[in-house]
Amino acid sequence: MEFTVYLAPKGFTNELIYELGDVAEVVDRLVFAPGPPRPVAWAQNIWLNPQRIQIESISDGANKLKALQRNWSLWSVRHNRRARLIEEQLPAVRSKPVAIGTPPPRSPLGAWTLLERDVIVASPSCSSPFPHGEVQFMENKIDPPNRAYLKLWELFTLLEAAPKAESVCLDLGGSPGGWTWVLASLGCKVLTVDKAPLEPRIENMPGVDYRMLSAFALDPREVGPVDWLFCDVACYPDRLWRLVDRWRTFGKVRNFVCTLKFQGPTDHETAAKFWAFPGSRLVHLFNNKHELTWVLLDKEEFPSFAPEQPDTGGADAANLGEFGMPVDEA
Ligand SMILES: C[S@@+](CC[C@H](N)C(=O)[O-])C[C@H]1O[C@@H](n2cnc3c(N)ncnc32)[C@H](O)[C@@H]1O
């Protein structure tokens, strides 16, 4: 029976289970669900075409994986020692931090786990080009004022799209300046708005203009056309929805990148509202915390940005039978 395996972001297995609805089995952060892959926000990686492979021995396991393809990455949840012995017989896959600005890896990368002593679950292809969706960068510990820039770089890397030099960017909730640092480094003209101050050396970067103001008090008509609106304001998602709605109604913003931040329980309802917005995408980045990133790109500028959106008609309720009931993350 067709099934899909989803790897939940660390600490957010329950969010993924909620989003999927019908789940057959949960093993650590691996969530098994019936049917073909579904677009979900709370997944770090999706095993797109997993298969159960019966193995006779360690060598047999390695040979069966190698017969499917070259590059494999192990997500070990059970029988760890035996799984590592199989892994040793496979070509080594290095997952080193990548330099900022490097395109995502191109070679096909599979993921596998030793589910039972003699059963491998393996998927030759995955949704993320990075091993287990772990987008690790060589960090710049000198120039940016915090690590928030990693979220933006991860998004630009995955989208293979970023603002061009001279683009007009609005960075709402931009203090202390991580995102503004990224945008100014790309040569953009950035208007940064926050109630808190911007770090002076970021404020002094060429192209940066800073206003100490509430993002909700900013009148779009005063700002004029914007190529990219970024919003990382610490606020409830329903308030962000109203802010985005205001700028959408204004009609002069070409691209949106906004963080939905959850304080306390995850607001699934508002998250679903964001993702239902035609042509947009909602994603949990590896560098996100208890938050999701919502992206809406201009179709003419980015014709290949055609995100799959959740099927609001409900998921296939087929039952895998051999799997048990969902459990909490280990
Ligand atoms: C996570 S921080 C943003 C980090 C920033 N993106 C960076 O890269 O440095 C959230 C920001 O939201 C700001 N904030 C909260 N309420 C705000 C409001 N009403 N208007 C503008 N900024 C607000 C906070 O002052 C804080 O700087």
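Basis of the calculations
Residues numbered from 1 in each chain as written. Predicted model: local features only at pLDDT ≥ 70, side-chain atom pairs only at ≥ 80, totals over all residues. Heavy atoms only, no water. Domains from an automatic or database assignment. Contact = heavy atoms within 4.5 Å. Buried area = accessible area lost by both parts, 1.4 Å probe. Salt bridge = Lys/Arg side-chain N within 4 Å of Asp/Glu carboxyl O. Polar contact = N/O pair within 3.5 Å; in protein donor to acceptor, adjacent residues only side chain to side chain. Nonpolar A, V, L, I, M, F, W, Y, C, P; charged D, E, K, R; others polar. Buried < 20%, exposed > 50% of the residue type's maximum accessible area, 1.4 Å probe, protein only. Helix = DSSP H or I, 4+ residues; strand = E, 2+ residues; numbered from the N terminus. Pairing = 2+ DSSP bridges. Right-handed = clockwise from strand over helix to strand, strands pointing away.

This next bit is on the domain arrangement of the chain. Domain parsing of the chain yields domain 1 (3-133) and domain 2 (149-296). Centre-to-centre, using C-alpha coordinates, domain 1 lies 32 Å away from domain 2. Each side of the interface is counted separately: domain 1 has 19 residues, and domain 2 has 17 residues. The three residues of domain 1 that bury the most area against domain 2 are Ala41, Trp42 and Ile100, which together make up 37% of that side's buried surface. Among the ionic pairs, Arg106 bridges to Glu160, the shortest N-O distance being 2.9 Å. Run the count over domain 1 and domain 2 and you get 3 residue pairs in polar contact (both at pLDDT 80 or more). Here the side of domain 1 that touches domain 2 is composed, by residue class, of 12 nonpolar, 4 polar and 3 charged.

With 5 of 6 residues buried, strand E10 (residues 189-194) is to be regarded as a mostly interior element. Looking at chain direction, strand E9 (residues 168-172) and E10 are connected through 5 bridges and run parallel. Pairing of Leu170 across the sheet is with Leu191, part of E10. Between the parallel pair E9 and E10, the chain is carried across by helix H5 (residues 178-185), and the sense of this crossover is right-handed. Alignment of E10 against strand E11 (residues 208-212), held across 5 bridges, turns out to be parallel.

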